[in-house]
Amino acid sequence: MALKRVLKVGLDSAAPFPMHSDYNSERFEGFEVDLLTEIAKHLDFEIQYEVSLWKKILGKLFKGELDLICSAVTMTSTRRHILEFTEPYLHFRLCAVVASSDMLIHEVKDLKEKRVGVRIAAEAERHVHTKFPEANMVHADTNKELYRQLELGEIDVLIDDSPIANGFLQNNDKLKIGMFLPGTDSQYAIAMKKGDLELKDQFNEALKLIRENGTYDILYNKWFSGMDF
């Protein structure tokens, strides 16, 4: 009996729930966990997760230490030069998260001269650096740290992917999404090593099947019901 192929899948150690929870928690779950489980069924492979800081994880894939990353990876033109991406599986925007009592964030100009929290090496960091160079950026390795700083008033606003922001705000009435940033339409996709075209094609076929047979809609409604991206 042939052994199943084992794929090493990179995970962000700062879990971007509801995409996925902390791998080392009692319940490892999330939209991407379910999605990858369904793909694995169709392609008959086993998953071996490896956890790392986001600022290291793309480098590990680039060097071939991982087979793929399925952990809220934003597909960008820059990344597509060095990595392969499947068809996108989620569309979203960047958003500005503020304290619930804060009524000042209505327009992009309101972000000027604010203390703006961003994750190191995340797409939000690049966006703020490019669009709001006058902002006072505060960097952190984890979302959890940024949301704590915002609650304590150590930063004025944080910029995050809207699915992840919704995940943090589900049980937190102290914070809210102040606005969605214009021109930040984005997509998550599964990232693979450049040139790994056979695997990419196999994943795209599985993703297409999951959409056609209704499984995708079931998973989407399970994890994102009522959320605004």
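Higher on the page you've got the structure.
About the criteria used
- Residues numbered from 1 in each chain as written.
- Predicted model: local features only at pLDDT ≥ 70, side-chain atom pairs only at ≥ 80, totals over all residues.
- Heavy atoms only, no water.
- 1 Å grid on protein atoms, 1.4 Å probe; cavity = no way out; pocket = protein on both sides within 12 Å on 5 of 7 lines; lining within 4 Å.
- Points joined across faces, edges and corners; volume = space filled by probe spheres on them.
- Helix = DSSP H or I, 4+ residues; strand = E, 2+ residues; numbered from the N terminus.
- Nonpolar A, V, L, I, M, F, W, Y, C, P; charged D, E, K, R; others polar.
- Core = buried A, V, L, I, M, F, W, Y, C linked by side-chain atoms within 4.5 Å.
- Buried < 20%, exposed > 50% of the residue type's maximum accessible area, 1.4 Å probe, protein only.
- Contact = heavy atoms within 4.5 Å.

Visitor: How should I be thinking about empty space enclosed by the protein in this particular structure?
Guide: As enumerated under the stated definition, the model contains one cavity of 30 Å³ or more in all. Of the pockets and cavities examined, the largest cavity occupies roughly 180 Å³. Taken together, 17 residues form the lining of the largest cavity, with Ala-72, Arg-119, Ala-122, Asp-161 and Ile-164 sitting closest to its centre. Contributing elements (two or more residues each) for the lining of the largest cavity: α4 (123–131), α5 (143–151) and β9 (157–161). When residues of the lining of the largest cavity are assigned to their parent elements, the largest contribution, three residues, is made by β9. Here the lining of the largest cavity is composed, by residue class, of eight nonpolar, three polar and six charged.

Visitor: What's the story with the nonpolar core in this structure? I'm lost.
Guide: Nonpolar side chains in soluble globular proteins generally cluster together in the buried interior. By size, the foremost hydrophobic cluster in this structure holds 33 residues, and its most contacted members are Phe-31, Ile-39, Leu-68, Tyr-89, Ile-190 and Phe-203. Looking at this core, the elements that each hand over two or more residues are β1 (5–12), α1 (31–43), β2 (45–52), β5 (90–92), α7 (197–212) and α8 (215–224). Broken down by element, this core gets its largest block of residues, six residues, from α1. Excluding residues within four positions of it along the chain, Phe-31 makes contact with Pro-18, Met-19, Tyr-89, Tyr-216, Leu-219, Tyr-220, Trp-223 and Phe-224. One finds Leu-94, Ala-96, Leu-111 and Val-118 within the second-largest nonpolar core, a separate group that totals 14 residues.

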